[in-house]
Structure formats: structure tokens, C-alpha cells
Amino acid sequence: MRQLLLTACFPLACTAAEVPQVTVTAQRDAEWASYRHAYRAAAGFDVHLRTRPLIQAHMQVRPLRPGTSLDGLQIQLASASMTLNLPVDGIGRAQLPMLKTAYDEDAVLRLNRQKGHYRFSGRYSIRERDDGVYGTALLRDACEQMISAQRASGARLRLMGKKCAGVRFIFAPSDAGAAITSRSGDGKAATIATVDAEPFESGSLGMYKVAIYRFDAWPAGGEVITSKRPLAIGTVYE
């Protein structure tokens, strides 16, 4: 909370006691969402993950205008008996805790941002690996799991006729040196540099550093090695 003192008097015509005070509270106009709604959505995503171990689902905060900053973004879960701060990663994703008490108390999810600039949604992505090594067969399977989960979740019409063409490794906008290496079964390797691109198939997050691995451009049976852990791994459909 901060107070702003606004003077509406002519010079020398008012005293300090006459200066009006206006209180501005950021949380009064904060962007928020229903925890119950998010809880039900997460439970629905979980159903589709049970037979698809190579992918994951998160709650994601997306800007309404591409390029709106995610720096310093925070999500607060608040109910009558609890207040929790949920970590947000560099691409706006957060893991929603499944808490019966928060559900029963009709908790809210509140951003430290004013209304009208962000929205809450869900996001499937391929699971990142700690060792940074991805077999090409694993990436193909993960892409198939992703597209089938999206279709089962309600995107069947949007994805009609689409097929898995590759995956995209997404790095922070500041990771200019990030890259991936494609290594074939005979040991030959080639580097795929990142370019400035939208991280996912729906553009709302602005430009990130993205390296795209296309299945038809490389022999099967190899592997992909990342220079550092990506923020996320998405898919390419055609």
C-alpha cells in the first residue's frame, strides 16, 4: 500500500491540513482467478496425464499482449485460513497445489499485477530431463502424447489434420548462446542454434530463444543434447 499526496490548490493558498490524501492499493484491482476453477481444470488435466508419462501440465499466466513482461510475476493463493505464494517460472508456469481446505474456502489466485494485462490458462509441455539428453524416439513419443492429450482436452477441432513434425526447445530471451546438438547413431553431431521465435503454437508470450528439432530432418535412432536446461519443451504440428 502506498499513499500519494495530490495538491489541487493554487500556490500559497492552502495549508498542509488541506492537502487531500488518496490511497492506492494494488491488490484492490489485482488480476485474479478462482482456485476452485483452477483446481477442477488441474484435475481434468491429470486424467490425461495418467497414461502419458512423457508430458506434464501446469497452470500458466499468459499476457494478453505479446511481449508483456513476466519479470517479477507472483501468484498468491489466498483463502480464509491460508496464504501461499506459488513460484512462477520464466515462461509463466506454476504448479497448482491440490488443497481441499483452499477449495472448501473458495480461495482466489491473485497476481501482483493489475487487471486487464494477463489471463490464467493451462499448458501441456514435454517433461524436461535433468541430464539434458533426449532420445529421438522419446521425443517422437512425447510429441504424440502431447497432441493426443490436447485433442482429448478439447482441441480436437483445432488440431484436425495436424501431425507431429518436431519439438521446440525453449530458452530464456537472454540465453543468446543456448543451442541443441543432434547426434546420430554413428556419432556424427550437428548444432542447431536458437532463433528468436514464439515459444508455443499460440503466440502471446513474445519472443524467446527457440531451437527447433524437426523429425524429418534428422535420422531416427539418434539423440538431442541441450547446452543447458530449457525453460520448456513444446511441439511442432503441421
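Relevant structure appears above.
None of these values were measured; they are calculated from a predicted model. The residue count restarts for each chain, going from 1 along the sequence in the order it is written. Residue-level local features of this predicted model are given only where pLDDT is at least 70; pairs of side-chain atoms are given and counted only at 80 or more, and the full residue set underlies all totals for whole chains, interfaces and linings. Side-chain descriptors were evaluated using all non-hydrogen atoms of the structure, hydrogens and water having been removed beforehand.

Novice: When you look at the overall build of the protein in this model, what are you seeing that I'm missing?
Specialist: In this text, helices come from DSSP runs of H or I with a minimum length of four residues, and strands from runs of E with a minimum of two, each type numbered from the N-terminal end. Check the secondary structure of the protein and you find 3 helices and 17 strands. Per-residue accessibility, obtained with a 1.4 Å probe over protein chains only, is compared with the maximum for each type, and a residue is labelled buried under 20%, exposed over 50%, and partly exposed between these values. With 238 residues in all, the protein has 41% of them scored as buried. Contacts are residue-level and defined by heavy atoms, with any inter-residue pair within 4.5 Å sufficient. Contacts in the protein between residues at least 24 apart in sequence constitute 73% of all its contacts with a sequence separation of at least 6. Here the accessible surface of atoms and residues is derived via Shrake-Rupley with a 1.4 Å probe, and residues count as covered only by protein chains that are part of the display. Summing over all exposed atoms, the protein offers an accessible surface of approximately 13100 Å²; the carbon and sulfur share of this is 53%.

Novice: I'm lost on the pairing of strand β8 (residues 108–114) in this one. Help?
Specialist: When strand β3 (residues 30–34) meets β8, the two strands line up antiparallel, connected through 4 bridges. Residue Trp 32 lies in a different strand from β8, and its bridge partner there is Arg 110. Strands are labelled as partners when DSSP assigns at least two bridges between them. Pairing of strand β5 (residues 75–78) with β8 involves 4 bridges; the strand directions are antiparallel. Its bridge partner being in β8, Ala 78 is matched across the sheet by Val 108.

Novice: Honestly, the state of the cysteines in this entry has me stumped. Any pointers?
Specialist: Should the sulfur atoms of two cysteines be covalently bonded, the bond is a disulfide. Cysteine sulfur atoms that pair up within 2.5 Å are treated as a disulfide. Taken as a whole, this structure holds 1 disulfide when the rule is applied. In this model Cys 143 forms its disulfide with Cys 164; the gap between the sulfur atoms is 2.4 Å. Disulfide Cys 143-Cys 164: torsion about the S-S bond near -105°, hence left-handed. Of the two residues, Cys 143 sits in helix α3 (residues 136–155) while Cys 164 sits in strand β11 (residues 164–171), which places them 21 residues apart along the sequence. Each of the two residues, Cys 143 as well as Cys 164, counts as buried.

Novice: How should the packing of aromatic side chains be read in this particular structure?
Specialist: Each aromatic ring pair is characterised by the separation of its centres together with the angle its planes make. Aromatic pairing here means that ring centres of Phe, Tyr or Trp (its six-membered ring) are within 6.5 Å. Orientation follows from the plane angle: under 30 degrees is stacked, over 60 is edge-to-face, and everything else is tilted. In this structure the tally under the stated criterion is 6 aromatic pairs. With a centroid separation of 4.9 Å and 55° between ring planes, the pair formed by Tyr 39 and Tyr 103 is classed as tilted. With Tyr 39 in helix α1 (residues 35–49) and Tyr 103 in helix α2 (residues 100–104), the pair connects residues that are 64 residues apart, well separated along the chain. Residue Tyr 103 is classed as partly exposed on the basis of its relative accessible area, which comes to 23%. Measuring from centroid to centroid gives 5.4 Å for Tyr 134 and Phe 169, while their planes differ by 65°, and the two rings are edge-to-face. A residue pair is termed long-range when its members are at least 10 positions apart, and Tyr 134 in strand β10 (residues 133–135) and Phe 169 in strand β11 qualify at 35 residues. Given a relative accessible area of 0%, Tyr 134 falls into the buried group. Under the relative-accessibility criterion, Phe 169 is labelled buried at 0%. Here a set of aromatic residues connected by ring pairs shows up, and it is made of Tyr 35, Tyr 39 and Tyr 103. Ring-over charges, as used throughout, are those where CZ of Arg or NZ of Lys falls within 6 Å of the ring centre and within 35 degrees of the ring normal. A cation over an aromatic ring shows up here: Arg 36 above the ring of Tyr 103, its NZ or CZ 5.4 Å from the ring centre. A cation over an aromatic ring shows up here: Arg 123 above the ring of Phe 200, its NZ or CZ 3.8 Å from the ring centre.

Novice: I would appreciate a short explanation of the sheet that holds β8 in the present structure.
Specialist: Sheet strands pair by backbone hydrogen bonding; their relative direction is either parallel or antiparallel. Strand order in the open sheet made by the 4 strands is β3-β8-β5-β6, with antiparallel pairing throughout. Either end of the sheet is taken by a strand with one partner, and the two such strands are β3 and β6 (83–86). When the angles between neighbouring strand axes are averaged without regard to direction, this sheet yields 25°. Every axis corresponds to a line fitted to the C-alpha atoms, with the helix fit spanning only the stretch in contact, and the corresponding angles, defined between N-to-C directions, vary from 0 to 180 degrees. Against the sheet, α1 touches β3, β5 and β8, its axis set at about 55° to β3.

Novice: I keep staring at the side chain of Gln 145 and nothing clicks. Help me out?
Specialist: Locating Gln 145 in the fold gives a position in helix α3. When residues no more than four places from it in sequence are discounted, the contact partners of Gln 145 are Arg 52, Pro 53, Leu 54 and Ile 55.

Novice: How should I be thinking about the sheet that holds strand β16 (residues 223–226) in this particular structure?
Specialist: Ordered by their spatial adjacency, 4 strands build an open sheet running β10-β16-β12-β13, and the pairing between neighbours is antiparallel. In this open sheet, the two strands that pair with only one neighbour each are β10 and β13 (189–193). For this sheet, the mean inter-axis angle between neighbouring strands, taken without regard to orientation, is 25°. Note that strand β12 (residues 179–183) and β13 share 5 bridges and pair antiparallel. Looking at the pairing, Ser 182 lines up with Ala 190 of β13. Across the sheet, α3 touches β10 and β16, and the angle it forms with β10 is around 75°.

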